[in-house]
Amino acid sequence: MQPVVTVEEMRAIDAAAQRHIPVETLIERAGAAAAHAALAMLGGAYGRRVVVVAGKGHNGDDGRVAARHLRARGARVEVIDVASAPLTLPPADLVVDAAFGTGFRGQYDAPRTDAPVLAVDIPSGVGGDTGEAGAGAVRAAATITFAAWKPGLLLGDGPERAGRVRVADIGLDCSGARAGLVGPDDVAGRLPRRSREWHKWKTAVGVVAGAPGMMGAAGFCARGALRAGAGMVRLGVPGAGPADLPSSEAVAAGLPAEGWGPAAAEWVQRCGAVVVGPGLGRAPGTVEAVRSLVAAAPVPVLVDADGLHALGGSAGTVLRA
C-alpha cells in the first residue's frame, strides 16, 4: 500500500527531513527524478527541445535542476519563469511544468502548448488536497510526484489532469501516513493460493440479487464475482422467469417470488461465499427472506444494498454473528 499525505503532512515530513538532510540535497534528488521521467517520455535527450516553466518556490527549483540534468544529456532546454511566461510556449518536444506545487492557492492559467507535459509533483493549478482545478490548470500527460501520493492526484479533477503518475523516492519518511492507496499487488497478496487440484466449486460464489425489472445490479454483481476469480457463480433472482434472467457465464435461476429464503439457501449451499441484497427491493417479504438466508447460510455472507435495509430494522430473526 502506497502512502497518501496531505499538503500539511508533507510540509511536516519535509521539515523533519531537513533536520538531517540539506534542502539542497532534497531538491537535487527531486530534480534528478523529474529529469529521468522526462527522458523516459522523450525516448532520449540529444537534440530534443524541452521547455521548463519554473516558479519561484521549491517546485521551480526542482524544475531548474531537471533542466540542468537534461542539458547535460544533450537536450536543448529553455527555462521560462512563470511570472513572465508567454500565453503560448515555444515549440517543444516536452514541457516540464514546475510552476506551482501542492501548496498553490488560487487560479492558474497555464501557457498553451501542443507538446506533452510532465508535471512536477502535481499539475500546476490543481489543489493538492482536493484535486479541484480551474479550466486553465495544467493538463499533464504524466506527473512525477515525490515520496507519497497527494490527495489532489486522486480526487476531483486530479486524475484527469495528472495523467500517468509515478512516485519517486527522494529519501523522505512517510511511514506515518494516515492514508494509503491500495494497488493490485496489495490485493493479489491477500488472495489465497489455489491448489492444482482445486475445481470450480472450491471457489464458487452464490449471488442472491435482483428482481424482475431490476436486473442491472444482479448482473453487475455476478460479473464482478466472475471477474474477481470465482470458479462458479450461481445467481438466484426472486420472482424471475427465464426471460428475466441476465445473459452471462453465471448459472442463473429464478427463486420463488415470496418466502424465497429457504430456496435461496438450497441454491447456494455448495458455494464458498454468498452475496445477497443488490436490487432485491424492500418489500416486507424480502426483509424476512434476507434474514432467513443470512441466518441459515453456513458460509461467509456479504450483505449489500437492499440486504442492509433488511438487516437494519428491528430483529424478527436471530442472526448469527
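Residues numbered from 1 in each chain as written. Predicted model: local features only at pLDDT ≥ 70, side-chain atom pairs only at ≥ 80, totals over all residues. Heavy atoms only, no water.

(A) Up close: the overall build of the protein chain. Each helix and strand in the protein chain was counted, giving nine helices and 13 strands. Taking 321 residues into account, the globule formula puts the C-alpha radius of gyration at 20 Å, and the protein chain, at 27 Å, lies well above it. Of all 321 residues assigned to the protein chain, the portion counted as buried reaches 45%. In the protein chain, the share of contacts with a sequence separation of at least 24, taken over all contacts with a separation of at least 6, comes to 65%. As displayed, the protein chain has an accessible area near 16400 Å², and 54% of this comes from carbon and sulfur atoms. (Helix = DSSP H or I, 4+ residues; strand = E, 2+ residues; numbered from the N terminus. Rg over C-alpha atoms; globule rule 2.2 N^0.38 Å. Buried < 20%, exposed > 50% of the residue type's maximum accessible area, 1.4 Å probe, protein only. Contact = heavy atoms within 4.5 Å. Areas by Shrake-Rupley, 256 points an atom, 1.4 Å probe, with all protein chains shown as cover.)

(B) Fine view of the sheet that holds strand β6 (residues 142–146). The parallel open sheet is built from six strands, whose spatial order is β3-β2-β4-β5-β6-β7. Each end of this open sheet is capped by a strand with a single partner; those strands are β3 (76–81) and β7 (164–168). With direction set aside, neighbouring strand axes in the sheet form an average angle of 20°. Relative to β7, β6 runs parallel, the two being bridged by five bridges. Across the sheet, the residue bridging to Ile144 is Arg166, located in β7. Each of β2 (49–54), β3, β4 (94–98), β5 (117–120) and β6 is contacted by helix α3 (residues 58–72), which is oriented at about 160° to β3, the strand it contacts most. (Pairing = 2+ DSSP bridges. Axes fitted to C-alpha atoms, helices over the stretch in contact; angles between N-to-C directions.)

(C) Spotlight on the nonpolar core. Counting residues in hydrophobic clusters, the biggest one holds 37 residues, and the most contacted among them are Val50, Leu70, Phe146 and Leu172. Listing elements by their share of this core, those giving two or more residues are α1 (7–17), α2 (23–42), β2, α3, β4, β5 and β6. Per element, the largest residue contribution to this core is nine residues, and it comes from α2. Apart from residues lying up to four places away in sequence, Val50 is in contact with Leu42, Leu70, Ala75, Arg76, Val77, Glu78, Leu94 and Val96. Counting 22 residues, the second largest nonpolar core, distinct from the first, contains Ala289, Leu293, Val299 and Ala310. (Core = buried A, V, L, I, M, F, W, Y, C linked by side-chain atoms within 4.5 Å.)

(D) Inspection of helix α6 (residues 216–227) at higher detail. Taking 1.5 Å of rise per residue, the 12 residues of α6 would be expected to cover 16 Å, and the 16 Å separating its terminal C-alpha atoms lies within 8% of that figure. Where α6 is concerned, the buried positions are Ala218, Gly219, Cys221, Ala222 and Ala225. For α6, the buried positions fall inside an angular range of 165° around the axis, keeping them on one side. Residues of α6 that are exposed and point over 90 degrees away from its buried face: Phe220 and Arg227. Packing partners of the buried residues in α6 comprise β9 (204–208), β10 (232–238) and β12 (273–276). (Expected span 1.5 Å × (residues − 1). Arc of directions from axis to C-beta.)

(E) Broad picture of the state of the cysteines. Counted by the stated rule, this structure contains zero disulfides. Cys221 carries a free sulfur, and the closest cysteine sulfur to it, the one in Cys271, is 12 Å from it. Judged by its relative accessible area of 3%, Cys271 is buried. (Disulfide = S-S within 2.5 Å.)

(F) Just a nonpolar patch on the surface, in detail. Together, Met1, Val182, Val187 and Leu191 make up a nonpolar patch on the protein surface, roughly 410 Å² of accessible area in all. Among the structural elements, Leu191 can be located in the loop between α5 (184–190) and β9. With a relative accessible area of 51%, Leu191 lands in the exposed category. (Patch = residues over 30% accessible without salt bridge, like charges linked within 9 Å, V, L, I, M, F, W, Y side chains within 5 Å. Salt bridge = Lys/Arg side-chain N within 4 Å of Asp/Glu carboxyl O.)

(G) Layout of the packing of aromatic side chains. Evaluated as defined, the whole model comprises three aromatic pairs. Between Phe100 and Phe104, the aromatic rings sit 4.5 Å apart at their centres with planes inclined by 35°, giving tilted as the arrangement. A relative accessible area of 25% places Phe100 in the partly exposed class. Phe104 gets classed as buried once you look at its relative accessible area, which sits at 16%. Judged by centre distance (6.4 Å) and plane angle (75°), the ring pair of Phe104 and Tyr108 falls under edge-to-face. Under the relative-accessibility criterion, Tyr108 is labelled buried at 10%. An aromatic cluster is present here, built from Phe100, Phe104 and Tyr108 joined pairwise through their rings. Lying over the aromatic face of Trp267, Arg234 brings its terminal NZ or CZ to 3.9 Å of the ring centre. The aromatic ring of Trp201 is capped on one face by Arg270, whose charged end is 4.1 Å from the ring centroid. (Phe/Tyr/Trp six-rings, centres within 6.5 Å; stacked < 30°, edge-to-face > 60°. Lys NZ or Arg CZ within 6 Å of the ring centre and 35° of its normal.)

(H) Molecular detail of the pairing of β9. When you tally the buried positions in β9, you get five out of five residues, the bulk of the element. Residues of β9 alternate between two faces, with Ala204, Gly206 and Val208 on one and Val205 and Val207 on the opposite face, all of them buried. Sheet analysis places β9 next to β10, joined by five bridges and oriented parallel. Residue pairing across strands places Val208 opposite Gly236, the latter belonging to β10. Each parallel crossover has a hand, and for β9 linked through α6 to β10 it is right-handed. Pairing geometry for β9 and β12, over four bridges, is parallel. Across the sheet, the residue bridging to Val208 is Val276, located in β12. (Right-handed = clockwise from strand over helix to strand, strands pointing away.)

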